[in-house]
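Examination of the molecular architecture
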Amino acid sequence: SAMRTVLVAALVLICASAIAKDAPKATPLANPAPPHAARVFIESPRDGATVGQDVHVVFGVSGIKVAPATDTAPGAGHHHLLIDVKELPPLDAPIPADANHKHYGKGQTEDTIHLSPGDHTLQLDFADYRHVQFNPPLVSQRITIHVK
């Protein structure tokens, strides 16, 4: 009968929504642990340096391999330069790509960036091939430079 068809359809919908509620949520990205002795640092400029508007930044690393983002090997990753960023990006998502979060997915270890006059902070944030940070984050000291 038509009534029975409506009841069956209603039961199907109720069961389907109950099953959907139990479905696993999109899992946050699993953060890799950094190698035990891994360190990331800014070789130059030095903290407190006065520089011109074209700033040559040299990225330093030890205890972990710098590789392009196409290299999925564990214990490898690439640099991200955080410019004037006060707080690290959230751990559960890739590092954003914008004017304040520069990606070096080709495995670059230096860059020349253009900054306006004034004080700026620079910090390296090393991440895996997915641009996902290590946990704990593998970051350099945040330095302040004075741009003339």
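Anything mentioned here points back to the structure above.
Read on for an overview of the structure. (Residues numbered from 1 in each chain as written. Predicted model: local features only at pLDDT ≥ 70, side-chain atom pairs only at ≥ 80, totals over all residues. Heavy atoms only, no water.)

As for the overall build of the chain
Test applied: Strands here mean DSSP runs of E at least two residues long; helices mean DSSP runs of H or I at least four residues long; both are numbered from the N terminus. Only protein chains enter the accessibility calculation, which uses a 1.4 Å probe; a residue is then buried when its area is under 20% of its type maximum, exposed when over 50%, and partly exposed in between. When checking whether two residues touch, look at their non-hydrogen atoms; a contact exists if any pair is within 4.5 Å. Methods summary: accessible areas were calculated by the Shrake-Rupley approach with a probe of 1.4 Å, and residue burial reflects only the protein chains presented.
In terms of helices and strands, the chain carries 1 helix and 11 strands. In the chain, which comprises 148 residues, the proportion classed as buried is 32%. In the chain, the proportion of contacts linking residues at least 24 apart, taken out of those at least 6 apart, comes to 69%. When the accessible area of the chain is evaluated, it comes to approximately 8700 Å², of which 61% is carbon and sulfur surface.

Some words on the nonpolar core
The condition that has to hold: In these notes, a set of buried Ala, Val, Leu, Ile, Met, Phe, Trp, Tyr and Cys residues joined through side-chain atoms within 4.5 Å is what counts as a nonpolar core.
Within the largest apolar cluster, 22 residues are counted, with the highest numbers of intra-cluster contacts made by Val55, Val57, Leu81, Ile113, Leu122 and Ile145. Among the secondary structure elements, those contributing two or more residues to this core are strand S1 (39-44), strand S3 (54-62), strand S6 (80-83), strand S9 (118-127), strand S10 (133-139) and strand S11 (143-147). Setting aside residues no more than four positions away along its own chain, Ile145 makes contact with Pro45, Arg46, Ala49, Val51, Val55, Leu115, Gly118, Asp119, His120 and Leu122.

Focus: the pairing of strand S8 (residues 110-114)
Formally: Any two strands are treated as partners once DSSP identifies two or more bridges connecting them.
Covered by surrounding structure in S8 are Asp111 and Ile113 only, the residues Glu110, Thr112 and His114 on the alternate face being uncovered. Two elements, S3 and S8, share 5 bridges in a ladder whose sense is antiparallel. Bridged to Val57 within S8 is Asp111.

Observations regarding the pairing of S9
Judged by how many residues are buried, S9 sits mostly within the fold: 7 of 10 residues are covered. Bridge count between S6 and S9: 3 bridges; the pairing is antiparallel. Following the sheet pairing, Ile83 is matched in S9 by Leu122. Strand direction decides the pairing type here: S9 and S11, joined by 5 bridges, are antiparallel. Along S11, the bridge assignment pairs Leu122 with Ile143. As defined by bridge partners, S9 adjoins S10 across 3 bridges and the pair is classed as antiparallel. What sits directly across from Ala127, in S10, is Gln133. Hairpin remark: S9 followed by S10, antiparallel, with 5 residues in the connecting loop; positive phi at His131, about 70°.

Let's talk about the packing of aromatic side chains
Short version of the rule: Working definition: rings of Phe, Tyr and Trp (its six-membered ring) pair if their centres are within 6.5 Å, and the pair is stacked with planes under 30 degrees apart, edge-to-face with planes over 60 apart, and tilted otherwise. Consider the ring centre and the ring normal. A charge sits over the ring if Lys NZ or Arg CZ is within 6 Å of that centre and within 35 degrees of that normal.
Following the criterion strictly, the structure yields 2 aromatic pairs and no others. Between Phe126 and Phe134, the aromatic rings sit 6.3 Å apart at their centres with planes inclined by 20°, giving stacked as the arrangement. The same class applies to Phe126 and to Phe134, which are both buried. Arg130 extends its terminal NZ or CZ atom over the ring of Tyr129, reaching a point 5.9 Å from the ring centre.

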